[in-house]
Amino acid sequence: MKVPRLFGVRLRVFAAVFALLLLQACSATAPSGNPDSPIRIAGVFSGAVTDADYNALGWVALDEAAKKYDAHTSFSENVEVPDVERVMREYVADGYTIVWSHGSQYYQQTLKLALEFPEVSFIGEFDAEPEDLPDNLWVIDRNFHNAFYPIGVLAGALTKQGKIGYVGGLSLPFSYSEVHAVQQALTDTGSSAQLTSVWTGNFNDPTKAQQITRQMSDQGNDVIIGSMNMGMVGVFQAAKQDDREQWIVGKYTDKSQFSPEDAGASVVYDFVGPLDDIVGDILAGQRTGYLPLGFDTGVEIVMPDRVPAEVRAKVDQAVADIISGKIVVVKDTTPVK
């Protein structure tokens with residue numbers, strides 16, 4: 001497996017979203033790639049692939065795989081959990097040889113179908129290393145907690161008020177692990193900053209996120225870490241309308257363009273490399289495996305120029321120490337109250 005590499009994620013996402021908007025304007029939603037290829041890859045996405053966020057990252061990865069392997073690809077977007085089994089079954093019935101469910105909320109259904117259809121290769125996402133994987137299932141572990149440790153280092157170094165806010169979408173185990181990782185970093189670095197976490201109940205509600213961010217700012221939180229999809233737009237909107245100095249941290253893609261004067265960092269993810277490697281391994285006969293995401297396999301902390309050099313150095317050192325194993329970030333999914 002050839003995973004130690006990073007990619008120009010931001011440029012690819014923006015270019016891909018622009019292309020997708022053009023396609024939608026032309027009502028062109030047909031499958032892409034080589035229609036005669038025996039390699040048929042399907043992607044299942046929880047939101048719109050034009051979101052410039054998690055689902056756009058998935059579409060970019062699928063498109064790159066189509067180009068590299070001369071594959072025939074197709075995707076379904078805005079798939080709710082109750083519908084995902086039906087959608088994946090339809091892809092199996094249509095002769096797709098690789099089916100990728102892009103989101104850990106789909107894992108149980110993906111596992112079920114992998115056991116039912118051993119001739120089809122499945123790729124699922126999970127926030128841990130599963131036991132007893134079927135012979136035809138690959139798992140991508142997003143390992144969100146690892147990336148949030150350097151963010152905790154950043155937040156502790158930037159806050160002047162000693163108050164840090166975390167705004168999440170749904171209160172899920174991976175989100176709890178992010179909060180605990182930030183707290184671990186604050187403890188490890190000797191920061192006395194107070195960390196407050198709030199969940200809006202929706203990853204894609206900018207209005208609710210904007211309201212929560214305003215409340216957090218009024219409570220003195222001058223560093224706000226967001227872990228949402230389209231909800232991050234609301235976080236930046238709240239900051240843009242506030243004259244107080246703030247530092248906003250986003251996730252998945254770089255959204256600093258929404259309010260450059262408030263941007264603190266972005267935790268940027270890339271699924272091109274992981275999907276490329278897994279598809280390559282499947283085609284080579286290795287149809288099962290576990291791929292944990294990390295700073296050498298598709299994760300990057302992007303900081304704008306406004307972040308002081310000494311703070312940037314601390315974040316970079318934390319990343320280096322995680323890669324080397326000097327720092328071990330605990331994956332703690334205990335609910336946060």
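Preceding block: the structure.
My aim in this report is to walk through the structure given alongside it, one point at a time. Keep in mind it's a predicted model, so treat the numbers as computed, not measured.

So, the overall build of the protein
The helix and strand tally for the protein stands at 10 helices and 13 strands. For 337 residues, the compact-globule estimate of 2.2 N^0.38 gives 20 Å, and the C-alpha radius of gyration of the protein, at 20 Å, lies within 12% of that figure. Along the longest, intermediate and shortest principal axes, the C-alpha atoms of the protein span 60 × 45 × 35 Å. Here the protein, with 337 residues, has 56% of them falling under the buried criterion. Long-range pairs, those at least 24 residues apart, make up 73% of the contacts in the protein with a sequence separation of at least 6. Of the roughly 14100 Å² of accessible surface on the protein, 52% is carried by carbon and sulfur atoms.

Concerning the sheet that holds strand β8 (residues 194–199)
Strand order across the open sheet formed by six strands is β8-β7-β9-β10-β11-β13, with mixed pairing between neighbours. The open sheet has two edge strands with one neighbour each: β8 and β13 (299–302). Between one strand axis and the next, the sheet turns through 15° on average, direction left out of account. When strand β9 (residues 223–227) meets strand β10 (residues 247–252), the two strands line up parallel, connected through three bridges. Of the residues in β10, the one forming a bridge with isoleucine 224 is isoleucine 248.

Describing the pattern of salt bridges
Applying the stated criterion across every chain yields a total of 16 salt bridges. A salt bridge links lysine 112 to glutamate 85; the shortest N-O distance between them is 3.2 Å. In this pair, lysine 112 sits in helix α4 (residues 107–116) while glutamate 85 sits in helix α3 (residues 81–93), placing the two residues 27 residues apart along the sequence. With a relative accessible area of 43%, lysine 112 lands in the partly exposed category.

Points about the pairing of strand β2 (residues 40–45)
β2 sits mainly inside the fold: six of its six residues count as buried. One ladder, built from five bridges, connects β2 with strand β3 (residues 72–76); its direction is parallel. Looking at β3, one finds that valine 44 is bridged to serine 76. Note on the crossover from β2 through helix α2 (residues 54–69) to β3: the handedness is right-handed.

Describing the packing of α2 against helix α9 (residues 272–283)
Packing of α2 against α9 leaves a shortest axis separation of 9 Å and a crossing angle of 40°. When the interaxial angle is binned, α2 and α9 end up oblique. With respect to the hand of their crossing, α2 and α9 are arranged in right-handed fashion. Counting all contacts with α2, which are made through Val60, Ala61, Leu62, Glu64, Ala65, Lys68 and Tyr69, the residues of α9 involved are Val272, Leu275, Asp276, Val279, Gly280 and Leu283. Across the contact of α2 with α9, the residue classes break down as nine nonpolar, one polar and three charged.

Observations regarding the nonpolar core
Formed by 81 residues in total, the largest nonpolar core has its most connected members in Ile123, Leu154, Ile225, Tyr269, Phe271 and Ile301. It is helix α5 (residues 144–158) that provides the largest number of residues to this core, a total of nine residues. In terms of nonpolar packing, the next biggest core, distinct from the first, is built from 19 residues, Val79, Val84, Met88 and Tyr107 among them.

Overview of the packing of aromatic side chains
Taken as a whole, this structure holds 16 aromatic pairs when the rule is applied. Consider the rings of phenylalanine 174 and phenylalanine 203, whose centres lie 6.2 Å apart with planes at 15°: the pair is stacked. Of this pair, phenylalanine 174 sits in helix α6 (residues 173–188) while phenylalanine 203 sits in the loop between β8 and α7 (206–218), placing them 29 residues apart in sequence. The same class applies to phenylalanine 174 and to phenylalanine 203, which are both buried. Chaining the aromatic ring pairs together yields one cluster made of Phe45, Tyr54, Phe75, Trp100, Phe144, Phe174, Phe203, Tyr252, Tyr269 and Phe271. Sitting over the face of the ring of phenylalanine 174, arginine 142 holds its NZ or CZ atom 5.5 Å from the ring centroid.

Section: unusual backbone geometry
The phi dihedral of asparagine 143 is positive, around 50°, even though this residue is not glycine. Mapped onto the secondary structure, asparagine 143 falls in the loop between β6 (137–141) and α5. Relative accessible area serves as the criterion here: at 11%, asparagine 143 is assigned to the buried category. Unlike most non-glycine residues, tyrosine 252 shows phi in positive territory, near 80°. Its location among the elements puts tyrosine 252 in strand β10. What makes tyrosine 252 buried here is its relative accessible area of 6%.

What counts and what doesn't
Per-chain numbering applies: the sequence of each chain, read as written, is numbered from 1 onward. The predicted origin of the model limits local features to residues at a pLDDT of at least 70 and limits the giving and counting of side-chain atom pairs to 80 or more, whereas totals for whole chains, interfaces and linings rest on all residues. Note that the side-chain values use all heavy atoms of the structure and ignore hydrogens as well as water. Only runs of H or I of at least four residues qualify as helices and only runs of E of at least two qualify as strands under DSSP, and these elements are numbered from the N terminus. Our radius of gyration is a C-alpha quantity, and the globule rule it is checked against amounts to 2.2 Å times the number of residues to the power 0.38. The cut-offs for exposure are 20% and 50% of the maximum accessible area for each residue type, with area from a 1.4 Å probe on protein chains only; residues under the lower value are buried, those over the upper are exposed, and the others partly exposed. Between two residues, a contact is recorded if the distance between any of their heavy atoms is within 4.5 Å. Here the open area of atoms and residues is found with the Shrake-Rupley method and a 1.4 Å probe, where only the protein chains shown may cover a residue. Strands qualify as paired when DSSP identifies two bridges or more between them. The axes are straight lines fitted to the C-alpha atoms, using for helices just the contacting stretch, and the angles between their N-to-C directions are given from 0 to 180°. A pair is scored as a salt bridge if a Lys or Arg side-chain nitrogen falls within 4 Å of a carboxyl oxygen belonging to Asp or Glu. A right-handed crossover is one whose linking path, passing over the helix from the first strand to the second, runs clockwise when the strands point away from the viewer. Angles below 35 degrees are treated as roughly parallel, those above 145 as roughly antiparallel, those between 65 and 115 as roughly perpendicular, and all remaining angles as oblique. By convention the crossing between two helices is left-handed if the near helix lies anticlockwise of the far one by an angle smaller than a right angle, and right-handed if it lies clockwise. The residue classification treats Ala, Val, Leu, Ile, Met, Phe, Trp, Tyr, Cys and Pro as nonpolar and Asp, Glu, Lys and Arg as charged. All others, Gly included, are polar. As used here, the term nonpolar core means buried Ala, Val, Leu, Ile, Met, Phe, Trp, Tyr and Cys residues forming a set that is joined through side-chain atoms within 4.5 Å. Classification of ring pairs uses Phe, Tyr and Trp, with its six-membered ring standing for Trp, and accepts pairs whose centres are within 6.5 Å; under 30 degrees between planes counts as stacked, over 60 as edge-to-face, and the remaining range as tilted. Cation placement over rings: the criterion is NZ of Lys or CZ of Arg within 6 Å of the ring centroid and within 35° of the ring normal.

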